[in-house]
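Structural characterization, general
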Amino acid sequence: MTRIIGLTGGIGSGKSTVASYIASKGIPVYIADEEAKKLMDSKKISTKIQAIFSENILTIDGTLDRKKIAAIVFNSPEKLSKLNAIVHPEVKKHFRNWLNLHKNAPFIIKEVAILFETGGNLSCDKVILVTAPEEIRIQRAMKRDNVDRDSVLKRIQNQLPEEEKISKSDFVVHNIDLQNTFIEIDQILKILAKP
């Protein structure tokens, strides 16, 4: 039975960099957000999503206007939960099929930004949390997304506090210096490779 290892981290923690590093080692990595985006762009799902919004949320070429959707759901928990009710089951189904393709791997990595917030940690055998001091995370996110400090802080406030994530994780990687982070990840992968 392939073990599922959750990989998560708050905004600007560097979990995507860690996911890429792990994938470069030949370990199957499932990036839930990327897969969700691809699924949302399918005609079947984008039509269902449009149906929950009174305003048009499609671009001229018929794809979802993600910025518009984000602005709406940010202020409407009800619409956000309707959106999640469409997207999450589709991602779950997609992940099960993907997992089946990698059933011979001793373990796979499932990278999910809001793993604890969605209860996704409950279906993981172990969880790796990537973290960094808040100020470093804010600076990274501002630079990466070209946004102001307030936008980043709002997103941080929508995520579970770091202390809570740390207490729920099996491995905690403090991603301040990338070289040290990769050394820590290598040690964790060695532990995970043991049956």
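Preceding this section is the structure that the text describes.
As the structure is a prediction and not an experimental result, all values here were calculated from the model.

So, on to the overall build of the chain. When helices and strands are counted, the chain shows nine helices and five strands. Element order for the chain, N to C, with α for helix and β for strand: β-α-β-α-α-α-α-β-β-α-α-α-β-α. Here the chain has a C-alpha radius of gyration of 17 Å; the compact-globule value for 195 residues is 16 Å, and the two agree. Along the first, second and third principal axes, the C-alpha atoms of the chain reach 50 × 40 × 30 Å. The proportion of buried residues among the 195 residues of the chain is 44%.

So, about the pattern of salt bridges. Summed over all chains, the structure comprises 13 salt bridges. Between D41 and R66 there is a salt bridge, with its nearest N and O atoms 3.0 Å apart. Here the residue D41 occupies a position in the loop between α2 (32-40) and α3 (43-51), and R66 occupies one in helix α4 (residues 66-74), the gap between them amounting to 25 residues. One salt bridge connects E164 with K168, and the closest N-O pair in it is separated by 4.0 Å. Of this pair, E164 and K168 both sit in helix α8 (residues 162-168), separated by four residues, roughly a single helical turn. When its relative accessible area of 33% is taken as the criterion, E164 is described as partly exposed. The structure contains a network of salt bridges with shared partners spanning K44, E90 and K93.

Bringing the environment of I31 into the picture now. Mapped onto the secondary structure, I31 falls in strand β2 (residues 29-31). By relative accessible area, I31 is classed as buried at 18%. Each C-alpha atom of the pair I31 and L189 lies 18 Å from the other, and the pair is 158 residues apart in sequence. In this view, I31 contacts A19 and E111; residues no more than four positions away in its chain are not counted.

What sets the pattern is the α-helix's 3.6 residues per turn: residues three or four places apart point alike. Those residues of helix α1 (residues 15-24) not exposed but buried are K15, V18, A19, Y21 and I22. Looking straight down α1, one finds that the buried residues subtend no more than 160° of arc, so they occupy a single side. Check the buried side of α1 and you find it contacts β1 (3-8), β2, β3 (107-111), β4 (126-131) and α9 (178-193). G26 sits one or two residues past α1 and shows a positive phi near 85°.

Right, let's get into the nonpolar core. If you look at the biggest cluster of nonpolar residues, it comprises 30 residues, and the most contacted ones within it are I49, F53, I69 and L83. Breaking this core down by element, the ones donating at least two residues are α2, α3, α4 and α5 (77-101). For this core, the element with the highest residue contribution is α5, accounting for seven residues. Not counting the four nearest positions on each side in its chain, L83 is found in contact with M40, I49, I52, I69 and V73. Counting residues in each nonpolar core, the second largest holds 20 residues, with I31, F107, F171 and I185 among its members.

Burial along strand β5 (residues 171-174) is one-sided: F171 and V173 are buried, while V172 and H174, pointing the other way, are not. Direction of pairing for β4 relative to β5: parallel, over a ladder of four bridges. Opposite L129, over in β5, you have V172 as the bridge partner.

In this section: the packing of α3 against α5. At a minimum axis distance of 9 Å, the contact between α3 and α5 shows a crossing angle of 160°. The angle between α3 and α5 falls in the class roughly antiparallel. As for how α3 packs across α5, the hand of that crossing is right-handed. Of the residues in α5, those touching α3 at K44, I45, K48 and I49 are L83, I86, V87 and E90.

Moving on: the packing of aromatic side chains. In this structure the tally under the stated criterion is four aromatic pairs. Each ring, one from Y30 and one from F95, has its centre 5.0 Å from the other, and the planes form 70°; the classification is edge-to-face. Here Y30 is found in strand β2, whereas its partner F95 is found in helix α5, with 65 residues between them in sequence. The pair formed by Y30 and F95 is uniform in burial state, with each residue classed as buried. Among the aromatic residues, those joined into a ring-pair cluster are Y30, F95 and W98. Cation over ring: K110 sits above F95, and NZ or CZ is 4.1 Å from the ring centre.

Rules behind the numbers
Residues numbered from 1 in each chain as written. Predicted model: local features only at pLDDT ≥ 70, side-chain atom pairs only at ≥ 80, totals over all residues. Heavy atoms only, no water. Helix = DSSP H or I, 4+ residues; strand = E, 2+ residues; numbered from the N terminus. Rg over C-alpha atoms; globule rule 2.2 N^0.38 Å. Buried < 20%, exposed > 50% of the residue type's maximum accessible area, 1.4 Å probe, protein only. Salt bridge = Lys/Arg side-chain N within 4 Å of Asp/Glu carboxyl O. Contact = heavy atoms within 4.5 Å. Arc of directions from axis to C-beta. Core = buried A, V, L, I, M, F, W, Y, C linked by side-chain atoms within 4.5 Å. Pairing = 2+ DSSP bridges. Axes fitted to C-alpha atoms, helices over the stretch in contact; angles between N-to-C directions. Parallel < 35°, antiparallel > 145°, perpendicular 65-115°, else oblique. Left-handed = near helix turned anticlockwise from the far one by under 90°. Phe/Tyr/Trp six-rings, centres within 6.5 Å; stacked < 30°, edge-to-face > 60°. Lys NZ or Arg CZ within 6 Å of the ring centre and 35° of its normal.

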